[in-house]
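The primary structure of each chain is shown beneath.
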Amino acid sequence: MIRKKLIAGNWKMNKTSADAASLAHELVVSVGAQPDVEVVICPPFTALESVAGAIDGSLIKLGAQNMHFEASGAFTGEVSAPMLRALFATHVILGHSERRTLFAETDELVNKKVLAALKNQLRPILCVGESLAERESASTLRVIQSQAERALEGVGKDQAPSVVVAYEPVWAIGTGKVATAEQAQEVHGFIRGLLTKLYGEAAAQRVRILYGGSMKPANAAELLSQKDIDGGLIGGASLEARSFVELIKAAAAAT
Ligand code: PGA
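Counting from 1, residues in each chain are numbered in the order their sequence is written. Local features in a predicted model are, by the rule used here, given only for residues with pLDDT of at least 70; side-chain atom pairs are given and counted only at 80 or more, and totals for whole chains, interfaces and linings are based on all residues. Side-chain figures throughout are based on the complete set of non-hydrogen atoms in the structure, without hydrogens or water.

Novice: Any chance you could explain the packing of aromatic side chains here in plain terms?
Specialist: How two aromatic rings sit relative to each other is given by the distance of their centres and the angle of their planes. Pairs were defined over the aromatic rings of Phe, Tyr and Trp, the Trp ring being its six-membered one, requiring ring centres within 6.5 Å. Orientation was assigned from the angle between planes: stacked under 30 degrees, edge-to-face over 60, tilted for the rest. Across all of its chains, the model carries one aromatic pair by this definition. Their ring planes at 65° and their centres at 6.3 Å tell us that Tyr167 and Tyr211 sit as a pair that is edge-to-face. Taken together, the positions of Tyr167 in strand S6 (residues 164-167) and Tyr211 in strand S7 (residues 208-212) put the pair 44 residues apart, joining distant regions of the chain. Classification of Tyr211 by relative accessible area gives buried; the value is 0%. Secondary structure elements follow DSSP: runs of H or I of four or more residues count as helices, runs of E of two or more count as strands, with numbering from the N terminus. The buried label goes to any residue with under 20% of its type's maximum accessible area, the exposed label to any with over 50%, and the partly exposed label to all in between, with areas taken from a 1.4 Å probe on protein chains only.

Below, the structure written as structure tokens:
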């Protein structure tokens, strides 16, 4: 298998530093040594350090949920890639739909962040996804193509395999409405085709494409068995050890 499945937990604006460390510790005890699945947890900035301590020595990796594209400077309230690296983060979620819709992030800004992440040896988890109105007007693939192409502008063929793409239909995030396996596979296959056009077959085959949007233990097996679904970006179900561990097990069973 060329692509190891990846399960990433997006904890969003939840958990204090202490609560986050205790969840991370529970995960280490349950799945810290699972070699078949790559596991990344993305706590809020304020918990990165305590979580880094809790997962130290395990196979679980650390991700942030956002970052600024500059390395330092007068950007009140922002955090940079070198700062994340210094806390042992290896991944960063970029272009999440909540950042796009609630914080007005544009494709151009997401692109700058993707390039800055790669320059600093952080793996971007680049989120793309259509709204309900876009799906209903049959614009899904056009929207995905435009978001992906713009976010990846200037990313070279050698860098492409370091990028993780997360397909997150906006209408499925936190709503309990999950995309069917067929709906998701259609978009994942389309993204793989796009990556093949941009970077060639060999590089495109190495890129992990995650599904995100109400992924739960009950629906994970079917989604994860699809040819181009290489894992999940999990919100709600990542906030509790039990459900997150079940998702990791489902990913291991699907490999
Ligand atoms: P959800 O969130 O699993 O709660 O739908 C996914 C995400 O926003 O990354």
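Novice: Teacher, can you tell me more about the nonpolar core here?
Specialist: The nonpolar side chains of a soluble globular protein tend to be buried, and buried together. To define a nonpolar core, start from buried Ala, Val, Leu, Ile, Met, Phe, Trp, Tyr and Cys residues and group those joined through side-chain atoms within 4.5 Å. With 72 residues, the main nonpolar core has Leu27, Ile41, Val51, Met67, Leu84, Ile191 and Tyr211 as its most contacted residues. Per-element tally for this core: the top contributor is helix H11 (residues 241-253), with eight residues. What makes two residues a contact is simply this: any of their non-hydrogen atoms within 4.5 Å. Setting aside chain neighbours within four positions, we find Tyr211 in contact with Tyr167, Pro169, Ala172, Val178, Ala179, Ala184, His188, Leu223, Ile229, Gly231, Gly232 and Leu233. Counting eleven residues, the second-largest nonpolar core is a separate cluster that includes Ala8, Cys42, Ala166 and Leu210.

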